[in-house]
Amino acid sequence: AHLVVLCNTCRYIAGGFKEYSQMDVLQMAGRAGRPQFDTSGTCVVMCRAEQSQVYRKMLAGECTIESELQKQLPAHLNSEIA
């Protein structure tokens, strides 16, 4: 898709709403623009006004993203062994 629109930045989990993680947002935004067809892509994020700066920085690459693999590594290794 040339254009990706995130109509909301929250999802319903276990009886309440929770913000998407940075990785989820970046994954969805990364779907904008197909290398074989487009030279660029556009992502529109619709969020609450107080969250707009957070998403601007995130999509501009100004936020540090850290891996959480170490937290899940034993489960991943066990699933490969089993």
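The structure under discussion appears in the preceding block.
For clarity, every value in this text was computed on a predicted model and none was experimentally measured.

What counts as what
Residues numbered from 1 in each chain as written. Predicted model: local features only at pLDDT ≥ 70, side-chain atom pairs only at ≥ 80, totals over all residues. Heavy atoms only, no water. Core = buried A, V, L, I, M, F, W, Y, C linked by side-chain atoms within 4.5 Å. Buried < 20%, exposed > 50% of the residue type's maximum accessible area, 1.4 Å probe, protein only. Helix = DSSP H or I, 4+ residues; strand = E, 2+ residues; numbered from the N terminus. Contact = heavy atoms within 4.5 Å. Salt bridge = Lys/Arg side-chain N within 4 Å of Asp/Glu carboxyl O.

Draft legend 1. Region of the structure containing the nonpolar core. Residues V4, L6, V25, A32, Y55 and M58 constitute the largest nonpolar core, which totals six residues. Mapped by element, the contributors of at least two residues to this core are β1 (3-6) and α2 (52-60). Apart from residues no more than four positions distant in its own chain, Y55 is found in contact with T9, E19, Y20, V25, V45 and C47.

Draft legend 2. Representation of the pattern of salt bridges in the model. Across all of its chains, the model carries three salt bridges by this definition. A salt bridge links R48 to E19; the shortest N-O distance between them is 3.0 Å. Placement of the pair is R48 in the loop between β4 (42-45) and α2 and E19 in strand β3 (residues 16-19), with a sequence separation of 29 residues. Through salt bridges that share partners, E19, R48 and E50 make up one connected network.

Draft legend 3. Layout of the environment of G41. Take G41: it is sitting in the loop between α1 (22-29) and β4. For the pair G41 and M58, spaced 17 residues apart in sequence, the C-alpha separation works out to 16 Å. Sequence-distant contacts of G41, that is, excluding residues within four places in its chain, are made with H2, A32 and G33.

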